[in-house]
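Now for the letters of each chain:
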Amino acid sequence: MFELEYKIIRVALNVPLRRLFDYALTEKQNGLTICAGQRVLVPFGNKSLVAIVVEYDVTTDIPDSKLKSIIEMIDSQPVFNEEQIGFLNWAAKYYQHPLGDVYYSALPKLLRENRQLEALLPESLVATPMMPKRSEFSANAKKQIQLYDLLKHKTLSRIQLADHGITAPTIKKFVDQKWAEWQNIKPAPTTIDKSQLQSGLALNAEQALAVAAINQCFGHTTFLLDGVTGSGKTEVYLQVIEQRLLKQQQILVLVPEIGLTPQTIKRFEQRFKLCIALWHSGMTDKQRFDTWQKTQSGEAKIIISTRSGVFLPFADLGLIIIDEEHDPSFKQQDGFKYHSRSIALYRANKFQIPVVLGSATPCLETLNNAMTQKFHHLKLNQRAAGSQMPTMKLLDLNLCPQDSGLGTPLIERIGEQLAQGHQVMLFINRRGYAPVLMCEECHWLTECHRCSSYMTYHRNINQLICHHCGHQHPTVHQCMSCGSTRLTAVGVGTEQLEYKLRELFPDIPLTRLDRDSTSKKDSSRSPRKDKSKRPSDHRWHTDDCQRTSLS
Ligand SMILES: Nc1ncnc2c1ncn2[C@@H]1O[C@H](COP(=O)(O)OP(=O)(O)OP(=O)(O)O)[C@@H](O)[C@H]1O
């Protein structure tokens, strides 16, 4: 098939096969520079697919007659650099996932398609040889001189021009006079100066120690910033970020949810007058591509992102912060399953940069790593703004009488608070009336027939529901094993708590908030209905949450 000398490249494809594929470069393509991380279009079955070059100049076992050649090179430059290829190869091996899918996870959607990277890049203003000398500008044309000084050293994107206060008329003058022109090229990295950084708050001793420890870190260290809620962890982040910004480095801030990004970004924008890039699933493909390329070019200095931001291509990463590091959403549960904290630690080690894991409730793995001194443990025990920590008391229900899961001392305290006109919130992590019904005679339990879970008793709708598989069954009144009618509800759920509290405090309006109370099925007991009856006085609230707490 190939009469002349040809080269073979090995590529990764986004197909569910745990292998790479070999293709030949035709004679024409042979002269072109090709490198790992570059995108090429290849024939695959009856389709054309975008592939990533993993190796080039390799030998293959495929006979010439069967070896296909690539259709074309999509870009003239690679989309992944050496560092990225290294960590993506590691991730594919570590998580036992096909390399093609791993590579694709690290690309914005627009680059998974056959679209040229250069054509997608935003326009940057570039000086032409016709730009006059500095001395030729009128001394009064201060903005023109400022733009001349900027363009002399680098190309500038529209955002960078705006950051420097260069307005449209000045740009128009340069373009009209052919002193500068717009080109689709990567903008030069942004340079940060002190004037863009607002000074931070005066730190308390614990915060100051934490900031000093992180700032003095050269190379890779993982810090656990273990601070109670409101202890000023975010202020610590902001102050360590400032130091890295002055070193012209980038900072990746991973947050658990998209919902948390607006408030985080607002706080960051108030402190830093620079391009802060976002990365999360709620963005459009174009917005995600913009963040990807701004991160790659170094234009974006701070990137606030949800878990997949850990795959972004950084120009010069100086610090990774993972806020609420214990949050399960950092773990990707389907498709390519990975933990962004583990990938962040791997990348930080390669970059030789610090990682700050912040949490008021660190996950056990992290806590263990801190206790065994793999991580540097920084503690913030006090609230930063001077507010008092709440008094917490652990009530051992084995040592006090209880009623529907409420210990007598707790019932008394609730009564005291209500008498003073205060509201009370109760949290319990179980929906329904009771997690299971049990026969008092033979200890038979309401097991789910479809899975090994137990059926939860929902008294309001008189049903047994398996919260595991969704199987539903009318409530039984007789033991299915011995026939006894002595069935008892074991454990407490939100419904039971509601019944008990209504009984104990009949005059107090109560709202139950859980998935059942807000869904249509059980709307007769919905909070909205309760609210309409007694709109102004809601002192009760039981919730379906992960942790059981009382405040
Ligand atoms: N050194 C300080 N002096 C005065 N106020 C501070 C200081 N540090 C933080 N604060 C203020 O304390 C409040 C809580 O701080 P911050 O949000 O940084 O805490 P956090 O630990 O990140 O909270 P969370 O656990 O909710 O994430 C904020 O209003 C912040 O402005």
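An unreviewed UniProt entry annotates the protein as Primosomal protein N originating from Psychrosphaera algicola.

Undergrad: How should the sheet that holds strand β5 (residues 72-73) be read in this particular structure?
TA: Neighbouring strands of a sheet are bound in pairs by backbone hydrogen bonds; such pairs are parallel or else antiparallel. In space, the 5 strands of this open sheet follow the order β2-β1-β4-β3-β5, with antiparallel pairing throughout. Each having just a single partner strand, β2 (21-25) and β5 make up the two edges of the open sheet. Direction of pairing for strand β1 (residues 7-13) relative to β2: antiparallel, over a ladder of 5 bridges. The residue of β2 that forms the bridge with R10 is D22.

Undergrad: Sorry if this is basic, but what is going on with the sheet that holds strand β24 (residues 472-474) here?
TA: With antiparallel pairing, the 3 strands of this open sheet are ordered in space as β22-β23-β24. Taken across any chain shown, the strands that pair with only one partner, and hence form the sheet edges, are β22 (455-458) and β24. Each neighbouring strand pair of the sheet contributes to a mean axis angle of 25°, computed without reference to strand direction. Sheet analysis places strand β23 (residues 463-466) next to β24, joined by 3 bridges and oriented antiparallel. Across the sheet, residue L464 finds its bridge partner in β24, namely H473.

Undergrad: Please explain the site of the ligand as it appears in this structure.
TA: The environment of the ligand is made up of 17 residues, and the closest members are A202, Q207, K233, T234 and R267. Between the ligand and G232, the relevant distance is 3.0 Å, taken from an oxygen atom to a main-chain nitrogen or oxygen of the residue. Between the ligand and the protein, one listed contact pairs an oxygen atom with a side-chain N or O atom of T234 at 2.6 Å. Within the complex, 69% of the 630 Å² of free accessible area of the ligand lies under protein. A per-element tally of the shell around the ligand places helix α10 (residues 233-246) first, with 3 residues.

Undergrad: Can you walk me through the environment of L120 in this structure?
TA: Secondary-structure assignment places L120 in helix α5 (residues 117-120). A relative accessible area of 13% means that L120 is categorised as buried. It is 8.3 Å that separates the C-alpha atoms of L120 and F289, two residues lying 169 residues apart in sequence. Not counting residues up to four positions away in its chain, the partners in contact with L120 are L110, L111, R115 and F289.

Each value, and the rule that gives it
Residues numbered from 1 in each chain as written. Predicted model: local features only at pLDDT ≥ 70, side-chain atom pairs only at ≥ 80, totals over all residues. Heavy atoms only, no water. Pairing = 2+ DSSP bridges. Helix = DSSP H or I, 4+ residues; strand = E, 2+ residues; numbered from the N terminus. Axes fitted to C-alpha atoms, helices over the stretch in contact; angles between N-to-C directions. Near = heavy atom within 4 Å. Polar contact = N/O pair within 3.5 Å; in protein donor to acceptor, adjacent residues only side chain to side chain. Areas by Shrake-Rupley, 256 points an atom, 1.4 Å probe, with all protein chains shown as cover. Buried < 20%, exposed > 50% of the residue type's maximum accessible area, 1.4 Å probe, protein only. Contact = heavy atoms within 4.5 Å.

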